[in-house]
Amino acid sequence: MLNDVRYALRMLVKTPAFTAVAVLTLALGIGANTAIFSVVNALLIRPLPYSSPDRLVMVWQDMRPRGGPAREWATPGSFADLKGAANIFENVAAVQGWLPALTGMGEPEPLVGEQVSHEYFDVLGVHAALGRDFIEAEDVPGAPRVVVLGHGLWARRFGSDPAVIGRIVTLGGEPHEIVGVMPDGFRPAVLPTAELWRPRRLNLSNPSRGAFVLRTVARLKPGLGFEQASSSASVLARQVEQAHPESNKGVGINLVSLTDQVVGDIRPGLLVLLGAVGFVLLIACVNIANLLLARGSGRAREIAVRMALGAMRQRVIQQLLTESVLLAAIGGALGVLLGVWGIAALVAAAPDGAPRLNEVGLDGTVLGFAILLTLLTGVFFGLAPALQASHAEFTTALKEGARGTAGGAGHRARRTLIVAEIAVALVLLVGSGLLLRTFLRLQAFDLGFDPQRVLVGTVIPPQAKYPTDAQRITFYDQLVDRAAALPGVQTAAISSVIPFGGDSDMSLWIEGRPAPRDDSESLATWYRLVSADYLKAMSIPLRRGRGFERNEPAPVVIVSETAARRFWPSEEALGRHVRFSEKADAPWFTVVGVAGDVRVRGARGDARPEMYLPYWQLPEPGVNVVLKTAGDPALLAAPLRQAVRAIDPDMPVSGLAPMGSLVADSISQPRFFALLVAIFAGLAMTLAAVGIYGVMSYAVAQRTSEIGVRMALGAARRDIFQLVVGDGLRLAAIGVAIGLAGAFLIARSLTTLLFDIRPGDPLTFVSTAVLLLGVAALASFIPALRAARVDPMVALRRE
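Along each chain, the written sequence defines residue order, and numbers are assigned to residues from 1. Owing to the predicted nature of the model, reporting of local features is limited to residues with pLDDT of at least 70; listing and counting of side-chain atom pairs is limited to 80 or more, with chain, interface and lining totals taken over all residues. Only heavy atoms go into the side-chain values, all of them from the structure, while hydrogens and water stay out.

**Student:** Help me understand the overall build of the protein in this model?
**Tutor:** When its secondary structure is counted, the protein shows 24 helices and 23 strands. Projecting the C-alpha coordinates of the protein onto the three principal axes gives extents of approximately 110 × 60 × 55 Å. Any residue under 20% of the maximum accessible area for its type is buried, any over 50% is exposed, and the rest in between are partly exposed; the area is computed with a 1.4 Å probe on protein chains only. Scored against the burial criterion, the 799 residues of the protein give a buried share of 51%. Per-residue accessibility takes into account occlusion by the displayed protein chains alone, with areas from the Shrake-Rupley method and a 1.4 Å probe. About 35,000 Å² of surface is accessible on the protein, with carbon and sulfur atoms providing 59% of the total. Charged side chains of the protein number 75 positive and 67 negative; the gap between the two group centres comes to 12 Å. Each helix is a run of H or I in the DSSP string that is no shorter than four residues. Each strand is a run of E no shorter than two, and both are numbered from the N terminus. Positive charge is attributed to Lys and Arg, negative charge to Asp and Glu, and no charge count is given to His or to the chain ends. To locate a charge, the coordinates of NZ of Lys, CZ of Arg, CG of Asp or CD of Glu are taken.

Here it is, written out as structure tokens:
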């Protein structure tokens, strides 16, 4: 073996051009696969960093029988039901978002936190590294406020001081005692950016069954499989429905493994990327196999001498495979280095909010994958040339002399490999074309509002400091006035919810219609509490009627076109009356306007029924500021913060960002996947072009004498040129035909990633086929030009 390795090294050094091309080609393929696999390993293979993560599930209310989503948040009553299901769950925890501001320590800082039931850390199996977790006595209404800090927040704002336990800090205007600090590296199960936690303090003695405000994470009982747990949860849902038919009619329980919940809808895209880089490596292997086949023809005399001297065929194959594996090892070593750079680039380019990016890196699993891939690659691209070279008749090779022999079988093998290479490249090109067109469709889709030159940010007046509706209304009035007075602001408004910022829904009662018998028959609508100029600030068209007057006392509402069609399909919505509570004294709101539909969840989301209500009639404890600006909205961020501070020095503005960036972020995932697949497809097309060029060049070199005879017998240079280009195009056409069939089958697997385009889109298929044929023609051009310039006298003398 050592002799084989030494000889292989000498052979590689003797052919530096071949070695450099092969090593670089392999390094690109192995490096790309290593980088993508590192992401797949972190997101799909590596277990979540919790105790026994395979037993962790998210528990959702399944509203599909009632026409709702499969993953609806839970009510406090539903959480109480789950806590009582000891036959299914070992422990259950409730989670709700929390957006406090840390004040009293210099610059106010808006934070993201979670309000959780005291079982939260027990469910995850991760406990405080400093101090303690929550206790049950702290998770009841009226209990003193306590908080557990994340390690990053503890280091950033408290200087990693271990004496922080027991310290009182002001969060959201309320004093909290710090009782614990989580370990470094802990990641929340529900809100990935959460940095602190406090008890939710639910009242479970008489819990609400109409407020969908909780997300629920649970740990299954030991020994209980996921399918068995899902069946038991269905039985529990029917029992709850019988006990509470007014609220739970048709409501199921949907269990989702926490891993699937964390990964979300990124799994199909990652698998597509893994397949794409696998195809790139396959094409690279085919190219190197072609090079080795051509090289093997030149080494026919050497191998013939070996076999004439008694070398067995197996020994020759061993020597040639040693050369291939050594070549792959050099390429693999360089590929791992490129993979490290690729991993850093992938993490930097990944969409914001992509899960577990902090865990992506080169670990033992990824390195083992790269080593195994390198060995398999070396065997894969070296086996066919080794078998071909060792199978040749050594007596024929010895007679051919130093010129070598093309060999009919070797010639056919090279052409077959080129056809396969083109077919694979076409599959990648079609996939990238479909994803690129999807991204362009998403980017151009009309969302129902204009995000350009709009700045948004969130302001949450602390409940402790602004306990009454009147105080919040006064604050919001001042906020709108001061924001509107800022230089460069054309329109200032506020809204409880903005597009891509979540949603809020409530039940609806329509005047003159029979009251719903239970919650399953109630009319649900999304609602926005807005100021008078919100529609103008967001450029949402008012189709009919009028907008709000500033602080008008009469209860009025503006409905979306979808709401008007759904609730009054054969009537005019204007002038109708609705209310949002079944109480007899609940006010009736008059519909005064019909606004255009807004895709608040992006192009992939449906237009939902929406209601716009004046904020001064139903003030909520938190709003989004919306500024329509004359220029760059980012320049208004600092002035807006100062305007808010002028009202309340302890009030931060969180989430300040141009609305256009939020829209761009909403399609960042399809953009990311489309860009990477397009890069891999371009690399595959380049490798395919190189492969065609190599085969045509080699064919011209082998057919020099034949070309000379043709030209001596009267063939024009144009005929020779067409002969070579036509040969290359024939190979490409066969590969394209096979590739189109394969692409049609594989494109169906991209269905979930596509938008407004069919998997079998004819424009994409035809354009990519034409593109690849054009590339094949260009790759054949130089060899054809060289063939057309052959001097027939020189060629005949060689013969």
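Alright, that's what it looks like, and here's the rest.
**Student:** Just checking my understanding: could you explain the packing of aromatic side chains for this structure?
**Tutor:** In this description, a pair of aromatic rings is defined by centroid distance and the angle of the planes. Between rings of Phe, Tyr and Trp, where Trp is taken as its six-membered ring, a pair exists when centres lie within 6.5 Å; planes separated by under 30 degrees are stacked, by over 60 edge-to-face, and by other angles tilted. One pass over the full model with this rule turns up 18 aromatic pairs. Summarising the aromatic geometry, the rings of Y120 and F121 are spaced 5.2 Å apart at their centres and angled 70° between planes, so their arrangement reads as edge-to-face. Of the aromatic side chains, those joined through ring pairs into one cluster are Y50, Y120, F121, F134, F186 and W197.

**Student:** What is the right way to look at helix 1 (residues 2-14) in this model?
**Tutor:** Residues spaced three or four apart along an α-helix face the same direction, because each turn holds 3.6 residues. The length a helix should cover is 1.5 Å for every residue beyond the first. With 13 residues, helix 1 ought to run about 18 Å at 1.5 Å a step, and its terminal C-alpha atoms sit 18 Å apart, in line with that. Within the span of helix 1, buried status applies to D4, Y7, A8, M11 and L12. Across the axial projection of helix 1, the buried residues extend over an arc of 140°, all falling on one side. Exposed residues on helix 1 whose side chains face more than 90 degrees from its buried face are L2, N3 and V13. The directions considered for the arc run from the helix axis to the C-beta atoms.

**Student:** Whenever I open this one, the packing of helix 22 (residues 717-747) against helix 23 (residues 762-788) confuses me. Can you help?
**Tutor:** Packed helices, taken two at a time, are described by their axes: the angle between them and the distance between them. Between helix 22 and helix 23, whose axes approach to 8 Å, the crossing angle comes to 155°. Comparing their axes, helix 23 and helix 22 come out roughly antiparallel. Classified by chirality, the crossing of helix 23 by helix 22 is right-handed. Each residue receives one of three labels: charged for Asp, Glu, Lys and Arg, nonpolar for Ala, Val, Leu, Ile, Met, Phe, Trp, Tyr, Cys and Pro, and polar for the others, Gly being one of them. When grouped by side-chain class, the residues that make up the contact of helix 22 with helix 23 number 24 nonpolar, two polar and one charged. Axes here refer to lines fitted to C-alpha atoms; in helices the fit is confined to the stretch in contact. Angles between the N-to-C directions go from 0 to 180 degrees. Angle categories are assigned with fixed cut-offs, so that under 35 degrees is roughly parallel, over 145 is roughly antiparallel, 65 to 115 is roughly perpendicular, and the rest are oblique. By definition, any crossing whose near helix is turned counterclockwise from its far helix by less than a right angle is left-handed, and any crossing with a clockwise turn is right-handed.

**Student:** Would you take a moment to explain the side chain of S247 for this structure?
**Tutor:** Take S247: it is sitting in helix 7 (residues 245-248). For S247, a relative accessible area of 8% gives the class buried. Whenever a nitrogen or oxygen atom comes within 3.5 Å of another N or O atom, the pair is scored as a polar contact, on the condition that within protein one atom can donate a hydrogen and the other can accept it, and that pairs from neighbouring residues in sequence are kept only if both atoms are in side chains. Within the structure, S247 has its side chain in polar contact with the side chain of N248 (distance 2.8 Å).

**Student:** Help me understand the nonpolar core, please; the structure alone is not making it clear to me.
**Tutor:** Side chains of nonpolar character tend, in soluble globular proteins, to be buried together. The biggest cluster of nonpolar side chains holds 148 residues, and the ones touching the most others in it are Y534, M611 and Y612. For this core, the leading source of residues is helix 20 (residues 668-702), giving 16 residues. In this structure Y612 touches R528, V530, Y534, L535, I540, F548, V556, V557, I558, A595 and V598, once residues within four positions along its chain are discounted. The next biggest cluster of nonpolar side chains, apart from the first, holds 28 residues, and it includes M58, W60, V148 and V217. Here, the term nonpolar core denotes a set of buried Ala, Val, Leu, Ile, Met, Phe, Trp, Tyr and Cys residues that are joined through side-chain atoms within 4.5 Å. Residue contacts follow a heavy-atom distance rule, with two residues in contact if any of their heavy atoms lie within 4.5 Å.

**Student:** Help me understand helix 3 (residues 76-83) in this model?
**Tutor:** Of all eight residues making up helix 3, six are buried, and the element is well covered by its neighbours. Next to the buried residues of helix 3 lie strand 1 (56-62), strand 2 (89-98), strand 11 (215-220), helix 6 (226-243), helix 7 and strand 12 (252-257).

**Student:** Any chance you could explain the pattern of salt bridges here in plain terms?
**Tutor:** One side-chain nitrogen of Lys or Arg within 4 Å of one carboxyl oxygen of Asp or Glu is enough to make a salt bridge. The tally for this structure, following the rule as stated, stands at 31 salt bridges. For R238, the salt bridge identified is with E241, shortest N-O distance 2.8 Å. In this pair, R238 and E241 both sit in helix 6, three residues apart, roughly one turn of the helix. Using a relative accessible area of 36% as the deciding quantity, one classes R238 as partly exposed. Linking D260 and R267 is a salt bridge whose minimum nitrogen-to-oxygen distance equals 2.6 Å. Look at D260 and you get partly exposed, because its relative accessible area is 36%.

**Student:** Which parts of the structure should I look at to understand the environment of P141?
**Tutor:** Here P141 is to be found in the loop between strand 6 (130-131) and strand 7 (146-149). Taking C-alpha positions, P141 is 47 Å from L271, a pair spaced 130 residues apart along the chain. The contact partners of P141, leaving out residues within four places of it in the chain, are R201, L202 and N203.

**Student:** It is not clear to me how the confidence of the model for the protein should be interpreted in this structure. Could you clarify?
**Tutor:** Residues shown with low pLDDT carry predicted positions that ought not to be read at fine detail. Scored between 0 and 100, pLDDT is the confidence that the predictor attaches to each residue. Per-residue confidence for the protein gives a mean pLDDT of 87, with 93% of residues at or over 70. Long-range and interchain partners of residues 401-406, a stretch whose pLDDT sits below 50, account for 12 contacts in this model, where long-range means more than four residues apart.

**Student:** Hey, could you run me through the environment of V559 in this one?
**Tutor:** Its location among the elements puts V559 in strand 18 (residues 556-560). Of the residues examined, V559 reaches a relative accessible area of 0% and is grouped as buried. Sequence spacing of V559 and V594 is 35 residues, and the spatial spacing of their C-alpha atoms is 5.0 Å.

**Student:** Looking at this model, I keep getting lost on the pairing of strand 9 (residues 174-181). Mind explaining?
**Tutor:** In regular strands, side chains alternate between the two faces of the sheet. Strand pairing requires that DSSP identify at least two bridges connecting the strands. In the sheet, strand 6 pairs with strand 9 via two bridges, with the strands oriented antiparallel. Note that in strand 9 the partner of G131 across the bridge is G180. Alignment of strand 7 against strand 9, held across four bridges, turns out to be parallel. When the sheet's bridge partners are listed, V146 is paired in strand 9 with E177. Of the strand pairs in this sheet, strand 8 (residues 168-171) and strand 9 are connected by four bridges, and their pairing is antiparallel. Its bridge partner being in strand 9, T170 is matched across the sheet by P175. Here strand 8 hands over to strand 9 after two residues, with G172 in that stretch at a positive phi of 60°.

**Student:** Can you help me understand the packing of helix 1 against helix 11 (residues 313-349) in this one?
**Tutor:** Relative to each other, helix 1 and helix 11 sit at 65°, their axes nearing to 9 Å. Where helix 1 crosses over helix 11, the two elements pack in a sense that is right-handed. Across the interface between the two elements, D4, V5, Y7, A8, L9, M11 and L12 of helix 1 pack against R315, Q318, Q319, T322, E323, L326, L327 and I330 of helix 11. For the contact of helix 1 with helix 11, a count of residues per class yields nine nonpolar, three polar and three charged.

**Student:** Hey, could you run me through the pairing of strand 1 in this one?
**Tutor:** Most of strand 1 sits out of view: seven of its seven residues are buried. Of the two faces of strand 1, the one holding L56, M58, W60 and D62 and the one holding V57, V59 and Q61 are both buried throughout. Bridge analysis of strand 1 against strand 11 gives four bridges, and the strand direction is antiparallel. Bridge pairing in strand 11 links M58 to V217. With six bridges connecting them, strand 1 and strand 12 associate as antiparallel partners. Note that in strand 12 the partner of V59 across the bridge is L255.

**Student:** Just checking my understanding: could you explain a nonpolar patch on the surface for this structure?
**Tutor:** Each patch is assembled from residues with relative accessible area greater than 30% and no salt bridge, linking like charges that lie within 9 Å and nonpolar side chains (Val, Leu, Ile, Met, Phe, Trp, Tyr) that lie within 5 Å. Judged by side-chain polarity, L24, L28, L334, L337, V340, W341, L362, L367, I371 and L375 come together as a nonpolar surface patch covering roughly 870 Å² of accessible area. Elements with a minimum of two residues in the nonpolar patch: helix 2 (16-45), helix 11 and helix 12 (364-391). Within the secondary structure, L334 sits in helix 11. You can call L334 partly exposed: its relative accessible area is 32%.

**Student:** Help me out: how do you make sense of the side chain of R198 in this one?
**Tutor:** Residue placement: R198 occurs in strand 10 (residues 196-199). Judged by its relative accessible area of 7%, R198 falls in the buried class. Polar contacts involving the side chain of R198 include one to the side chain of Q115, which spans 2.9 Å. What R198 contacts, discounting residues up to four positions off in sequence, is W98, E114, Q115, V116, F134, R145, V146, E174 and H176.

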